[in-house]
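Secondary and tertiary structure notes
The lines below spell out each chain.
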Amino acid sequence: MSERRPLTLHQLRAMHAAGEKIAMLTCYDATFARVADDAGVDVLLVGDSLGMVLQGHADTLPVTLEHMAYHVGCVARGRRRAWVIGDLPFASYHASVAQAVDSAAVLMRHGAQMVKLEGGGWTAPAVRALCERGMPVCAHLGLTPQSVHALGGWRVQGRDDAGAQRLVREARELAEAGAAMLVLELTPAALAAQVAQALPIPVIGIGAGARIGGQVLVLHDALGLAGARAPRFVRNFMADGGGIADALERYVNAVKSGAFPDESLHAFE
Ligand code: KIV
């Protein structure tokens with residue numbers, strides 16, 4: 001079992017600088033927070049994916065700031081060591097920088113240590129304002145589920161040259177604005193590796209290959225609950241038997257050792 005003292009942002013930065021992969025997992029309640037924390041998960045992401053896996057919606061758009069605050073509070077009370085990130089939901093930071101500051105403050109008050117927001121250069125002023133006000137930010141590029149309709153569905157991003165160049169440029173912009181972490185979703189592995197090389201901050205991937213600073217999975221997917229709907233890059237960590245705690249330990253070990261994801265199964269090149 002790993003060290004039980006709460007992780008700090010400085011420690012996460014030091015892990016990254018030392019080449020240690022960061023194991024992130026989504027989490028929505030106190031019990032799973034405790035189990036995942038005990039398994040050695042470094043970062044618990046209270047994702048707005050809860051709109052799909054808990055609430056049964058087709059996408060994340062119906063999730064509200066109140067929903068997020070409730071689940072951030074649940075997770076924050078269950079964790080001991082893991083760093084807690086709260087997702088800013090759809091339309092809670094889109095109108096203005098002031099709205100982003102107010103929304104982030106709600107999640108921080110409920111126990112988030114960092115907030116995550118989706119989007120490219122247009123979010124840079126909000127990222128800068130949040131960081132200046134002491135609220136650490138994780139950016140999110142690639143497939144950004146809150147823009148699923150504009151993106152034409154759940155599609156791999158950055159496949160063409162223009163899209164790839166834009167993604168690298170926006171990643172740099174967000175890091176320069178102060179983002180301390182970046183989630184990269186559903187991109188070619190080579191592009192993700194290029195972004196990770198270009199940035200001083202940890203790049204955490206989901207469907208973005210192995211040559212980056214860490215991985216994140218949706219808890220329910222890691223536990224094999226997505227069934228036939230599981231995206232190709234997902235691994236069912238329950239498949240080798242044992243209980244949930246064993247599965248989450250296997251997830252952490254596989255991320256740390258580089259055994260997950262297996263890039264030969266990564267179809268997005
Ligand atoms: O909401 C979420 O769970 C996420 C992950 C898929 C990265 O943003």
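How each quantity is defined
- Residues numbered from 1 in each chain as written.
- Predicted model: local features only at pLDDT ≥ 70, side-chain atom pairs only at ≥ 80, totals over all residues.
- Heavy atoms only, no water.
- Near = heavy atom within 4 Å.
- Polar contact = N/O pair within 3.5 Å; in protein donor to acceptor, adjacent residues only side chain to side chain.
- Nonpolar A, V, L, I, M, F, W, Y, C, P; charged D, E, K, R; others polar.
- Helix = DSSP H or I, 4+ residues; strand = E, 2+ residues; numbered from the N terminus.
- Buried < 20%, exposed > 50% of the residue type's maximum accessible area, 1.4 Å probe, protein only.
- Contact = heavy atoms within 4.5 Å.

**Overview of the site of the ligand**
- Residues in contact with the ligand, as listed here, are Thr26, Leu45, Gly47, Asp48, Ser49, Asp87, Lys116, His140, Val183, Glu185 and Ile206.
- Interatomic distance of 2.5 Å between a side-chain N/O atom of Ser49 and an oxygen atom of the ligand.
- Between the ligand and Lys116, the relevant distance is 2.8 Å, taken from an oxygen atom to a side-chain nitrogen or oxygen of the residue.
- Per-class residue counts for the shell around the ligand are 3 nonpolar, 4 polar and 4 charged.

**Focus on the side chain of Thr123**
- With respect to the secondary-structure elements, Thr123 resides in the loop between strand S4 (114-118) and helix H6 (124-132).
- Residue Thr123 is classed as buried on the basis of its relative accessible area of 1%.
- Once residues lying within four places of it in the same chain are set aside, the contact partners of Thr123 are Tyr93, Leu117, Glu118 and Leu174.

**Focus: H6**
- Three or more residues of H6 are buried, namely Ala124, Ala126, Val127, Ala129 and Leu130.
- Its buried side turned inward, H6 meets helix H5 (97-109), S4, strand S5 (137-142) and helix H7 (161-177).

**A few points about the environment of Arg133**
- Along the polypeptide, Arg133 turns up in the loop between H6 and S5.
- Residue classification places Arg133 among the exposed residues on the basis of a relative accessible area of 51%.
- For the pair Arg133 and Ala105, spaced 28 residues apart in the sequence, the C-alpha separation amounts to 9.8 Å.
- At 3.0 Å, the side chain of Arg133 and the backbone oxygen of Ala129 are in polar contact.

Function-wise, these values are silent; they only describe arrangement.
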